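A look at the structure
What follows is the residue order along each chain.
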Amino acid sequence: MIDPFAISMILIVVLALFGISVGLAMFSGSMLYLILMDAQFPRGFDPSIGPETMLQGLFNGYTLLAIPLFILAADIMNIGSLADRLLKFCQALVGRFRGGLGQVNVVSSVIFSGMSGSAVADAVGMGKIIIGLMTRDGKYSPAYAAAITAATATVGPIIPPSIPMVLYALVSDQSVGYLFAAGMVPGLLMALMMGFTNYVIARKRDFPTDTEVPLRELPRVTYEAFPALMLPVILLGGIYGGVMTPTEAAAVAAAYALIISTILYRSVSPKAFWDALRGGSRSAGSIGVLIGGSMTFNYVITREDIPNTLAMFLQGFDLSQTGFLIAVNILILLLGCVIEGGAIILIVVPILIPTVQAMGIDLVHFGVIAVVNAMIGLITPPYGLLLFIVSNITEQPIGRVIKEVWPFIIALLLALILITFAPDFVLWFPRLLGYQG
Amino acid sequence: MSKLRALTDWVANWGNHLTAALLFSMFVVFVLQILFRYVLGLPVLWTVEWVTIAWLWGILFSFTFVMRTGDMIRLDIVYNAVSLKWQRAMDVVGGLTVAAIFGYTLPHAWDYVTFMGIERTAAFLWPFDVVFAIYIPFHIAIIVRMLLLAVDGFTGANHHLESESSDND
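Residues numbered from 1 in each chain as written. Chains lettered and ligands numbered in written order. Predicted model: local features only at pLDDT ≥ 70, side-chain atom pairs only at ≥ 80, totals over all residues. Heavy atoms only, no water.

Regarding its fold elements, chain B presents 7 helices and 0 strands. Scanning chain B from its N terminus toward the C terminus, one meets helices and strands in the order α-α-α-α-α-α-α. Computed over its C-alpha atoms, the radius of gyration of chain B comes to 20 Å, more than 25% above the 15 Å expected for a compact globule of 169 residues. Projected onto its principal axes, the C-alpha positions of chain B cover 65 × 35 × 30 Å. In chain B, which comprises 169 residues, the share counted as buried stands at 43%. Within chain B, residue pairs in contact and separated by at least 24 positions form 69% of the contacts whose partners lie at least 6 positions apart. For chain B, the accessible surface area stands at approximately 8,700 Å², while carbon and sulfur atoms represent 71% of it. Averaging the positions of the 9 positive and the 13 negative side-chain charges in chain B gives two centres separated by 3 Å. (Helix = DSSP H or I, 4+ residues; strand = E, 2+ residues; numbered from the N terminus. Rg over C-alpha atoms; globule rule 2.2 N^0.38 Å. Buried < 20%, exposed > 50% of the residue type's maximum accessible area, 1.4 Å probe, protein only. Contact = heavy atoms within 4.5 Å. Areas by Shrake-Rupley, 256 points an atom, 1.4 Å probe, with all protein chains shown as cover. Lys, Arg positive; Asp, Glu negative; His and termini not counted. Charge placed at Lys NZ, Arg CZ, Asp CG, Glu CD.)

Next up on the list: the interface of chain B and chain A. In this complex, chain B contributes 62 residues to the contact, which on the side of chain A involves 61 residues. For the chain B face of the interface with chain A, the top three residues by lost area are Trp55, Ile73 and Leu75 of chain B, together amounting to 15%. Our enumeration of links across chain B and chain A arrives at 1 salt bridge. Counting the contacts that link chain B with chain A gives 10 residue pairs in polar contact (both at pLDDT 80 or more). Residue contributions to the side of chain B that touches chain A peak at 16 residues, all from helix α1 (residues 2-39) of chain B. Broken down by class, the residue content of the side of chain B that touches chain A amounts to 44 nonpolar, 13 polar and 5 charged. (Buried area = accessible area lost by both parts, 1.4 Å probe. Salt bridge = Lys/Arg side-chain N within 4 Å of Asp/Glu carboxyl O. Polar contact = N/O pair within 3.5 Å; in protein donor to acceptor, adjacent residues only side chain to side chain. Nonpolar A, V, L, I, M, F, W, Y, C, P; charged D, E, K, R; others polar.)

It is worth spelling out helix α21 (residues 423-432) of chain A at this point. Residue and element names in this part refer to chain A. Those residues of α21 lying buried are Val426, Leu427, Phe429 and Pro430. For α21, the buried positions fall inside an angular range of 145° around the axis, keeping them on one side. Facing away from the buried surface of α21 by more than 90 degrees, the exposed residues are Asp424 and Leu432. Those residues of α21 that are buried lie in contact with α11 (176-205), α18 (363-376) and α20 (398-421). Positive backbone phi, at 105°, marks Gly434, one or two positions downstream of α21. (Arc of directions from axis to C-beta.)

Tallied over the entire structure, the rule returns 25 aromatic pairs over all chains. A ring pair is formed by Tyr178 of chain A and Tyr435 of chain A, whose centres lie 5.0 Å apart and whose planes are at 55°; its orientation type is tilted. Pair noted here: Tyr178 of chain A is in helix α11 and Tyr435 of chain A is in the segment after α21, with a separation of 257 residues, a long-range link. Using a relative accessible area of 13% as the deciding quantity, one classes Tyr435 of chain A as buried. Their ring planes at 15° and their centres at 4.4 Å tell us that Phe124 of chain B and Trp126 of chain B sit as a pair that is stacked. A relative accessible area of 34% places Trp126 of chain B in the partly exposed class. Three or more aromatic residues joined by ring pairs form one cluster here, namely Phe27 of chain A together with Phe63, Phe102, Tyr135 and Phe138 of chain B. (Phe/Tyr/Trp six-rings, centres within 6.5 Å; stacked < 30°, edge-to-face > 60°.)

The next subject is the packing of helix α4 (residues 66-79) of chain A against helix α14 (residues 270-303) of chain A. Pairs of packed helices are described in terms of their axes, by the angle between the two and the distance that separates them. Residues and elements named next belong to chain A. Contact pair α4 / α14: the axes reach a minimum separation of 9 Å and the direction vectors enclose 145°. Here α4 and α14 pass one another in a crossing that is right-handed. Side by side, α4 and α14 meet where Ile67, Pro68, Ile71, Leu72, Asp75, Ile76 and Ile79 of the first sit next to Ala272, Phe273, Ala276, Leu277, Gly279, Gly280, Ser283, Ala284, Ile287 and Ile291 of the second. A per-class count over the contact of α4 with α14 returns 13 nonpolar, 3 polar and 1 charged. (Axes fitted to C-alpha atoms, helices over the stretch in contact; angles between N-to-C directions. Left-handed = near helix turned anticlockwise from the far one by under 90°.)

With 214 residues, the main nonpolar core has Ile291 of chain A together with Phe132 and Tyr135 of chain B as its most contacted residues. The greatest single-element share of this core, amounting to 13 residues, is contributed by α11 of chain A. In this structure, Tyr135 of chain B is in contact with Phe27, Pro51, Met54 and Leu55 of chain A together with Leu60, Ala109 and Val113 of chain B, ignoring residues within four places of it in sequence. (Core = buried A, V, L, I, M, F, W, Y, C linked by side-chain atoms within 4.5 Å.)

Read these as geometric descriptors, not functional statements.
Dropping the structure here:
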């Protein structure tokens, strides 16, 4: 007797490797499962469950609505002069240090990540501009500029807001607000690690300091960037003050970015705004298909009781929390080398959740671990989405970028170790806001 | 063939305007929702419903009419590493398999969507078969796209071109 579950899983892997979109591959595998099960047990299964699961899932997934709006917000910020002003502010702030523009890269990523929830948006927006600055006078090699931009972009979805955290909230049933809060301190730690890495490399290779902006210029630059700098404050204040849900915060972020870009900075034309909507709706569509496919896939693994079976199986090994977390970190990092981050959270994490609970690991803490892992996966060769993006921007061969990105990967892994084994460090901030965990 | 291409380009272009309008409506309605609740003190139901329907339609419509292969989240590491001959073979096998699965299940999908006509949404009181209607073109689009993929793989038509142009999309 053929096992429908095994066959459909094999089909998903084969289709995905054949270059069919990952969401569609999952949807196809799940449909095949339903067809085969229907043939064996005509009463309990019907292929119409596939469309039903997808439609109901998308229709009832209120939290998910934050995703298209965060994408839109980031697109608006990227087309306006908002990014430029932020960069000038960062340059005035940290450009004076050794490897100045590298530090500017780190700090601007931190600020931008307080407004956008996507690493890709960070790399293509701010990242593109700062790569231009770093390579203009041959001060930094294009490969190094590309590598540090990709590495710092990983902070984007760790510091709130965050699209991957929204996806994690969907599969783990945790509060988006607390998940966002839990990313705050780890995100800053990652940024610190990368700033330090840049400092060490800058000293070794004698990178220049940036043209020093006189300190008396600082108030003016700050004033010009001030409306943009307020956005993270409004977002986080709104969410944690209980004024708005994270989903509404996404709409507010987009509205705020639009208002300051059009009225205050006069840098976004109606046409540019419409183009942002067009692009944003396309990106939302591609991530939506992935989410829809993973919903049908999750139906299958739940139906087969895979997550609980795995939990029982692993309990048989008497694995300690530490051992389990190490294993999970390695697993997600390896998967991250070949699968896109959002897909990992939607596919792998739901299978692990019951085990995580059985181990007594806090689900918010685990969310941060999973997302940090998945984001590091965006810069690990051979398949790191951010690596492709920055090598495309700089027109550098991907191999050269990979060579430069290693020190940053190591720095991020060190941060990951601390994040994994010091739950109090991660949960400190959410607890401050009332999280009982 | 080039006429067909021009037609699909035209549809994709206008479809994209429509999805942009849907996204814009989500954005506006959300802002209205916040205004209603905090400024006017009136919590409303229809806003959430509109936004979820726009999101659902946006995704499925986008896949059906707008998106190109290059827009999708794919794992192309193996695909790009093999020779053209293998790529074509993968397209034929993958395309036909998926098309067969979705061809077989099309009546089931139709049954589900039409069956949902018995329920109505909470705020607008729209019947669910209308709300979910976009699923049927989506399901058919999967079949058509996959058949085209298989045919292209079989004939080798614009295969070389496809992999280059998809990067620019």
